[in-house]
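# Per-entry structural report
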Amino acid sequence: MLRYTLKRLVQGVITVWFIATATFIAMHSVPGDPLSNEKAVTAEIRANLEAKYGLDKPPLEQYFIYMGNLVRGDFGISFTQQNREVNDIIREHFPVSATLGILAIVFAGLGGVLWGALTALYRNRLPDFVIMFLVILGISVPSFVVAAISQLSIVNINTLFGISLLPVAGWGTIWHMLVPSLVLGLGTMAYLTRLMRSSMLEIVNADFVRTAKSKGLPATRIFTNHQLRNAILPVITVLGPSIAAITTGGFVVEFVFAIPGLGRYFVQAVQQLDYTVIMGTTVFYGAFLVFMVIVVDLLYGLVDPRVRLE
Amino acid sequence: MSATAFASRDFEPLVHTREAQSISRPSLSYWQDAWIRLKANTRALVSLYIVIALMAFTILGPVVWNVDPSLQDLDQISIPPGTDRRATLVAPYQPWDGTTFLEVTPGLRLAEPATTQSIRLLWDPVEGLSGYRIFRNLFPVGPERALGLPLAEHFSAQEVTFEDLLDLVPGRYYYSVLGVNEFGAETQYLETLVVDVSRVITVDDAMVRGLIDEAAELQLGDVLILGLHPLGTDYLGRDMLARLMAGARVSLFIGICAPFLYVLFGVIYGSAAGFVGGRYDQGLMRFADFVVALPFLLFMILFKIVFGIGPGESGIAPMLLALVVLSWPATARLVRGQILQIRQEAYISASQLLGAKTNYLVLRHMIPNTMGVILVTLTFAVPSAIFTEAFLSFIGMGVAPPTPSWGSMCNEGIKTMLTHPHELIFPALLISITVLAFNLLGDGLRDALDARMRSTE
């Protein structure tokens, strides 16, 4: 277990290094540079600015400086916002995105397991058809459309009751988080429901379930202790990739609901060609996702004793 | 118990016929069998028809509905489908001196019939005020006093006329006049008027737009029929149907081309890795693992700016390239796994024994046997590519305007969602239908082509 963990961690570090290098190469082949956004400057001012940001050095040296800073956890200073460190930006905006993401994953996980189990239990009956129809809808409708429609419905509901039941956009209270995180988790929830349904269907008639029934266990106990616990395993394996999907899906939801998260900030930084912010955010997100996948894989070994971590 | 009656003919030997040897059903190839199974699946078949219909919409649509998607119809901006297309012919615009009036009723009133040419408002002066503010709203003014767009401010209590010429469209407006005191603060004086605007067009305009020719004998007050827009127009007066067709070309082109290219690359990469094996295989697959670990959408955006869009370009090629660069590893992994599996099969050894060369083995046995899996991957890759395109265009990182794509149309539509929902609904609906059709078709193909992956439904 310990050896496996170490191996995965080393692999993770190498992957993060690869991500950082790819980002560096990508950013340095972008036509134009952040300084050209500024007003017309003389050659001397430009040279001074380049020296300040280290852009006058040869690319390889820049790469080593960049890597050295990364190892120390320093992502540099923003180009467009005077004297603002990328670390500060991440520290300020990431908790918002993370809160949104965690809520979405909780919604998606709970909803997916619940609906999936329900459809399997009511196979080929009305609840199954209704839920599976909604699932197909959830997979096919783009998240920004769902976001727009839900925003529209909030407006309509608020007008109907004449008071502001739910805020339409923004961030702050738990009420602000409710709808965006539901919207964000919806696609994943649909995916997990499908997965849960098929894994539940395999287990509904398994031998151990029959044994439990013949021993006279109540149906609820069989459901919670035998069926659910076994059927949930495939869901846990895809939680890692799901976290990635939800994190990036957050861009749109943050955009539509005007939430001050890191995703929205990233899009803004790209539009302004803010080198350091783009590189910092990409590497940060990349590292975050790599280690989330590792954590989920390790968790899987704990949940399912049949899986040997080698 | 009764004894069974046997006749002597029961003991005659059966005639040995040739037919007994023959196979009663025609022998089916893998693809014929798959096609029969797909046809039995109603959902998949309907999806297939939808996909064909979408192709027809994209390719044949512009032939049938030959309208330039970038042409602006300035008389009909942001109109929903099924809008009244009649316009009354009127005289050219004449400046207003504020003296005409329709009827003498107290309070805020219209001085002339409200038309898209101008709306002329008149109200009674109120003692003790030192000015007015005039607002226009598209929604009823409630108790919370959401007055809408501020149009003008008058700095005299005696100035009680206002002419609105700003972007008038047929429909209902709610005008409000708010009294302002000497300190510029709002007072209790507030009047609201509901105005229904009718569409008018001048003779000159109608000629310029080609609605009438010079020889036509027309009088003021005649009714003209404006150009037809079956699905309405967008915020710049462009025909929605033509734009949806042009957008379909972009969205489906990216949605089908990108998966095709990266699946092809993945097949080559994966089969090379799987066939060569050993240390090369390890190295190749480790590289694929790294590419998988790149945060997809972040790098999509990065690559988009790296490959750059020059002025006048649509940005389709950079997006295609970025999709291919980032998406191939999944297919490569899948194909490699398949190839490794097939390599163990006895028929490969038999073929090798008969002297088959590597090229022959790969092309004759390995690729055809993985074709089913590849086809299923391809079908599922299409909706995700369409989603990616729509997503990027939605956040403004996709195809550059004025090239329409369904995603960028959604992005434009979402801004006017409250007043003109059709601008969002149509492209969103098309994206959803396309993705749905390809998903269901993929499910059906998987069931038909690959017995091992058959879904438990």
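None of these values were measured; they are calculated from a predicted model. Residues take numbers from 1 onward in each chain, read along the sequence in its written order. Chain letters and ligand numbers both follow the written order, the letters beginning at A and the numbers at 1. Residue-level local features of this predicted model are given only where pLDDT is at least 70; pairs of side-chain atoms are given and counted only at 80 or more, and the full residue set underlies all totals for whole chains, interfaces and linings. Where side-chain values are given, they derive from all heavy atoms of the structure, hydrogens and water being excluded.

Secondary structure elements follow DSSP: runs of H or I of four or more residues count as helices, runs of E of two or more count as strands, with numbering from the N terminus. Looking only at helices and strands, chain B features 12 helices and 10 strands. Two things to know: the radius of gyration comes from C-alpha atoms, and the globule rule equals 2.2 Å times the number of residues to the power 0.38. The C-alpha radius of gyration computed for chain B amounts to 35 Å, which surpasses the reference 23 Å derived for 457 residues by more than 25%, pointing to a less compact arrangement than a globule. Expressed as lengths along the three principal axes of its C-alpha atoms, the size of chain B is roughly 120 × 70 × 60 Å. Excluding contacts between residues fewer than 6 apart, the proportion of contacts in chain B whose partners are at least 24 apart in sequence is 72%. Accessible area of chain B: about 24200 Å², with a carbon and sulfur share of 61%. His is not counted, nor are the chain ends; Lys and Arg add positive charge and Asp and Glu add negative charge. Lysine's charge is taken at NZ, arginine's at CZ, aspartate's at CG and glutamate's at CD. Averaging the coordinates of the 31 positive side-chain charges in chain B and doing the same for the 42 negative ones gives two points 20 Å apart. Every residue pair with non-hydrogen atoms within 4.5 Å of one another is taken to be in contact. Throughout, the Shrake-Rupley method with a 1.4 Å probe supplies accessible areas, and for residues the shown protein chains are the sole cover considered.

This part takes up the pairing of strand β7 (residues 171-180) of chain B. Residues and elements named next belong to chain B. Only protein chains enter the area calculation, which uses a 1.4 Å probe; residues under 20% of their type maximum are buried, those over 50% are exposed, and those in between are partly exposed. With eight of 10 residues buried, β7 is to be regarded as a mostly interior element. Relative to strand β8 (residues 186-197), β7 is paired through nine bridges, and the arrangement is antiparallel. Bridged to Gly 171 within β8 is Val 197. Any two strands between which DSSP finds at least two bridges are classified as paired.

When you line up the elements, A:Gly286 lands in helix α12 (residues 275-303). Given the relative accessible area of 0%, A:Gly286 is considered buried. In this structure, the C-alpha to C-alpha distance between A:Gly286 and A:Thr276, residues 10 residues apart in sequence, is 15 Å. The residues touching A:Gly286, leaving out its near neighbours within four places in the chain, are A:Ile19 and B:Pro295.

Residues and elements named next belong to chain B. Taken in spatial order, the four strands of this open sheet run β5-β4-β7-β8, and their pairing is antiparallel. Edge positions in the sheet fall to β5 (149-154) and β8, since each of these pairs with one other strand and no more. Recorded for the sheet is a direction-independent mean angle of 20° between the axes of neighbouring strands. Angular values range over 0 to 180 degrees, each being the angle between N-to-C directions of two axes fitted as lines to C-alpha atoms, with helices fitted over their stretch in contact.

Proteins that are soluble and globular tend to have nonpolar side chains buried together. By convention a nonpolar core is built from buried Ala, Val, Leu, Ile, Met, Phe, Trp, Tyr and Cys residues, the set being connected through side-chain atoms within 4.5 Å. Residues A:Tyr66 and B:Trp406 are the most contacted members of the largest nonpolar core, which totals 111 residues. Broken down by element, this core gets its largest block of residues, 11 residues, from α12(A). Apart from the residues lying within four places of it in its own chain, the contact partners of A:Tyr66 are A:Ala20, A:Thr23, A:Phe24, A:Met279 and A:Val283.

Each pair of packed helices gets described by two things: the angle between the helix axes and the distance between those axes. Residues and elements named next belong to chain A. In the contact formed by helix α4 (residues 86-121) and α12, the axes pass within 11 Å of each other and the chain directions differ by 50°. Our classification of the angle between α4 and α12 gives oblique. Of the two possible hands of crossing, α4 and α12 adopt the one that is right-handed. Across the interface between the two elements, Val 86, Ile 89, Ile 90, Phe 94 and Ser 97 from α4 touch Thr 276, Val 277, Gly 280, Phe 284, Tyr 285 and Phe 288 from α12. Classes in brief: Ala, Val, Leu, Ile, Met, Phe, Trp, Tyr, Cys and Pro nonpolar; Asp, Glu, Lys and Arg charged; the others, Gly included, polar. Grouping the amino acids of the contact of α4 with α12 by side-chain chemistry returns eight nonpolar, three polar and no charged. Each angle receives one of four descriptions, namely roughly parallel if under 35 degrees, roughly antiparallel if over 145, roughly perpendicular if within 65 to 115, and oblique otherwise. Two helices that cross are described as forming a left-handed crossing if the nearer one is turned anticlockwise from the farther one by less than a right angle, and a right-handed crossing if clockwise.

The next point concerns the environment of B:Ser47. All names here are of chain B. In this fold, Ser 47 is placed in helix α2 (residues 42-59). Under the relative-accessibility criterion, Ser 47 is labelled buried at 2%. For the pair Ser 47 and Glu 163, spaced 116 residues apart in sequence, the C-alpha separation works out to 55 Å. Among all residues touching Ser 47, those that are not within four sequence positions of it are Ala 437, Leu 440 and Leu 441.

We now examine the domain arrangement of chain B. The domain boundaries here were taken from an automatic or database domain assignment. Here chain B is described as being made up of domain 1 (44-68 + 237-453) and domain 2 (89-202). A C-alpha centroid distance of 54 Å is found between domain 1 of chain B and domain 2 of chain B.

Looking now at the packing of aromatic side chains. Stacked, edge-to-face and tilted are the three classes for Phe, Tyr and Trp ring pairs, Trp counted by its six-membered ring, which pair at centre distances within 6.5 Å; planes under 30 degrees apart are stacked, over 60 edge-to-face, the rest tilted. For the coordinates displayed, the defined rule picks out 17 aromatic pairs over all chains. Seen in terms of ring centroids, A:Phe94 and A:Phe284 are 4.8 Å apart; in terms of plane orientation they differ by 85°. Their pairing is edge-to-face. Residue A:Phe94 is found in helix α4, and its partner A:Phe284 is found in helix α12; the two are separated by 190 residues along the sequence. On the accessibility criterion, A:Phe94 (15% relative accessible area) is buried. Ring pairs connect the aromatic residues A:Phe18, B:Phe265, B:Tyr269, B:Phe287, B:Phe290 and B:Trp328, which therefore count as one cluster.

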